[in-house]
Amino acid sequence: EFALNRDYFEEDFRTRGRRWIELTVEEQRAYVMRLLDALEVTDRDKRLKVARAILYLAQGVFDECDTEVDVLHWSRHNIFLLYDMGIFTALLELLSMEIDNSQACSSAVRKPAISLADSTELRVLLSIMYLMVETIRVQTEDDRPEWIAARETFKNELGVISFHWLSSSPLYNGEPFALLLFTMVTKFCSMNAPHFPMKKVLLLLWKTILFTLGGFEELQEMKVRHRERLNLPPLPEDSIKVVRAMRAASPPASAMELIEQQQQQKRGRRSRRVLPLVKQDSLDTYNERDPFKNDDARDEEEDPEDTDSGIEGEVDPLDRDVIIQPPPPPPPLRPPTERVNFPKGLPWAPKVREKDIEHFLETSRNKFIGFTLGNDTETLVGLPRPIHESVKTLKQHKYMSIAEVQIKREEELQQCPLTLGEEEVEDTAAEMLYLGMLPNLSQYVIALLKLLLAAAPTSKAKTDSINILADVLPEEMPITVLQSMKLGIDVNRHKEIIVKAISALLLLLLKHFKLNHIYQFEIVSQHLVFANCIPLILKFFNQNIMSYISAKNSICVLDFPHCVVHEMPELTAESLEAGDSSQFCWRNLFSCINLLRILNKLTKWKHSRTMMLVVFKSAPILKRALKVKQAMMQLYVLKLLKIQTKYLGRQWRKSNMKTMSAIYQKVRHRLNDDWAYGNDIDARPWDFQAEECALRESIEKFNSRRYERNRNGDFAPVDNCLQSVLGQRVELPEDFHYSYEMWLEREVFSQPIQWEGLLQNP
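The structure displayed is predicted, hence computed values, not measured ones. Throughout, a residue's number is its position along its own chain's written sequence, starting from 1. For a predicted model such as this one, the threshold for reporting local features is a pLDDT of at least 70, and the threshold for listing and counting side-chain atom pairs is 80 or more; totals across whole chains, interfaces and linings nevertheless cover every residue. Calculated side-chain values reflect all of the structure's heavy atoms, with hydrogen atoms and water omitted.

A. Main features of the nonpolar core. Definition used in this section: a nonpolar core is a set of buried Ala, Val, Leu, Ile, Met, Phe, Trp, Tyr and Cys residues joined via side-chain atoms within 4.5 Å. Relative accessible area decides the class of each residue, using a 1.4 Å probe on protein chains only: under 20% of the type maximum gives buried, over 50% gives exposed, and in between gives partly exposed. Core analysis: the largest hydrophobic core is formed by 182 residues, its most contacted members being W20, F177, I209, F541 and M633. If one sorts the elements of this core by residue count, helix α22 (residues 481-516) sits on top with 16 residues. Leave out the neighbours within four places in its chain, and W20 touches F9, F13, Q28, Y31, V32, L57, V61, E64, W74, N78 and L81. Listed in part, the 8 residues of the second largest apolar core include L361, L380, L383 and V391. Secondary structure follows DSSP: runs of H or I at least 4 residues long count as helices, runs of E at least 2 residues long count as strands, and numbering of each begins at the N terminus. Any two residues whose heavy atoms approach within 4.5 Å are treated as being in contact.

B. Local environment of a nonpolar patch on the surface. Residues F368, I369, F371 and L373 make up a contiguous nonpolar surface patch of roughly 350 Å² in combined accessible area. You can see L373 is positioned in the loop between α16 (354-368) and α17 (385-396). Since its relative accessible area comes to 36%, L373 is described here as partly exposed. Patch building starts from residues that exceed 30% relative accessible area and form no salt bridge, then joins like charges within 9 Å and nonpolar side chains (Val, Leu, Ile, Met, Phe, Trp, Tyr) within 5 Å. Per-residue accessibility takes into account occlusion by the displayed protein chains alone, with areas from the Shrake-Rupley method and a 1.4 Å probe. Here a salt bridge means any side-chain nitrogen of Lys or Arg lying within 4 Å of a carboxyl oxygen belonging to Asp or Glu.

C. Seen up close, the pattern of salt bridges. On inspection of all chains with the given rule, the structure shows 35 salt bridges. Residues D118 and K111 are paired through a salt bridge, measuring 2.5 Å at the closest nitrogen-oxygen approach. What makes D118 buried here is its relative accessible area of 18%. A salt bridge links E218 to K155; its shortest N-O distance comes to 3.9 Å. Remark: K155 occurs in helix α8 (residues 145-159) and E218 occurs in helix α11 (residues 216-229); sequence separation between them is 63 residues. Judged by relative accessible area, E218 falls into the partly exposed class, the value being 35%. Three or more residues are tied together by salt bridges with common partners; here these are E410, E423, E431, R705 and R706.

These figures come from the coordinates and say nothing about function on their own.
Structure representation (structure tokens):
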């Protein structure tokens, strides 16, 4: 379709006799204005041609460029120009028309097989919008001042401020753009619009939320600012930096091997030279077939000064930051200037909650004194000296989260609604999004999980499942082996992108809602749990995760902008089978980490949900995922294993000591958390329903207090004065005076009044 976009642009532009890149900015603006006017025509085919010409501009007028860098440069220039001229507004109106196009929906529902041709208009519109959102979102060093201002304006328009140009539309009365896309998702999943191109919708939805709410770096900054506002102590460390500095080890060395290594280190520098040879065998569960084994000879020749511990050493090609998308080009194997100095000891500062200190003191007082003092954490009278030292250590590492402050504040507001008055709610992008999503939140969550299930590689094709391939299957099915292979790769790539978009979208929503208010996070979490998200993610990981991470479902020569700048080589079955040269798939690694993080978010501090992990036998599934030698992925797998080790039995712990050691080394410690021994497992019965019901009650109280309009109806003053009540002005319909006499006759004179009833006692 790239050539089609170019042809429609040149067909209209050719009359000028000059190339686009030769025009002045004013001439370019004048031409875009012409295109904008042409988008208003009623003829559907003409509108599509104009939209394709705009898409060609957004793609960087590639026919006039010689290199990929030029294409990206002109794409960026054109997109800011298009935004400045109001193209996004016009596209939004066209998109709303296409969504409401009942004729297209009903014909798609009746069709036995839906193909690419059914979603042409939608795909073109969504492609332009995606390019605009993604290009404007990403900052570069050479951005002009007007571009920086445009980025902020666009961000506000998408996230918070109402779309004033669509004020007549019922879809937009101050709602974020993301809600329109969520509506498309639910409409598609309810089978009312099977022709919607779901991959493009989900990608645009993810990038819109990433742009309006912010990515993980911005989230971390917001968290720091929020803690300052609440007068909480600063975070003990920047979690993003700590994870980036971690080394992959799967699984780590056993206790005996670590002791041997320590003894070797004590013998002096001469014996250090053997460490690189010892460490990797003890850290790896891989055999000779390990696809990520690093055979570079430089490791054997490295200076003994370079290796400080058994965990560090070999640089893994997977061990790079996987949060930033798209991934950067691989750095040199061991850059001399960017070498990270790993701190000795554990990577995370331990944390203790207030209730942990209370629980510790309650146990100690019962043991030594025989009675408790409730929530008092200051009085230590009668307790032995070691207990004093323990409490001092616990208080040194006490961590108060924003969520705990929010829960406490919510309890106060519930107890004293009149005394504390109205809560001041800041109109953040996350708050506006939550407010818009709240009425249909469960539908949105279920729709996303349905799509995730349909796109998961472990899912079996069923007749009643959703057809997510509507925007990838051609009108004519392939007839040659080459075409079949190409389509097979495209279908798999399509599914991978859907998984990537949904996993990133859900994680962003959970993290932003948690920072905005804990109960907003809890309601999304609960909807996910009730929609079987936990078994769905475990099902996703119940596959050969190594082959999924190293899948090669892409054709490099067809990637943009390579395919439009260079001559297209002849594709053969052999070249397709060989795939690209990369050892792993960034896309799938990113998806796996996101899904693990979602699972962590759902189960953290939730006893009943942790027991679901145990019941669904997640331990062997998660242990297999440890084979992927990437530090960040291993960290979140180990976190999930840590919370359930006490319930897996002594035999499991005994036979998985390497995993236990890895948990100890990589996961944050809670000082009085008995995770490794399971001594308190009998003390906590598992009542899933009671826990979830209590949580749901708190969520509903929060929502009704904060978002219901007549929430103070019980406390509103009542006017008892007859004169003032009768003197109130009542709004009557315009035609009321015509039928006034009839109304009097019907409602007053013809109604018998029992005056005696007033004298009788009630």
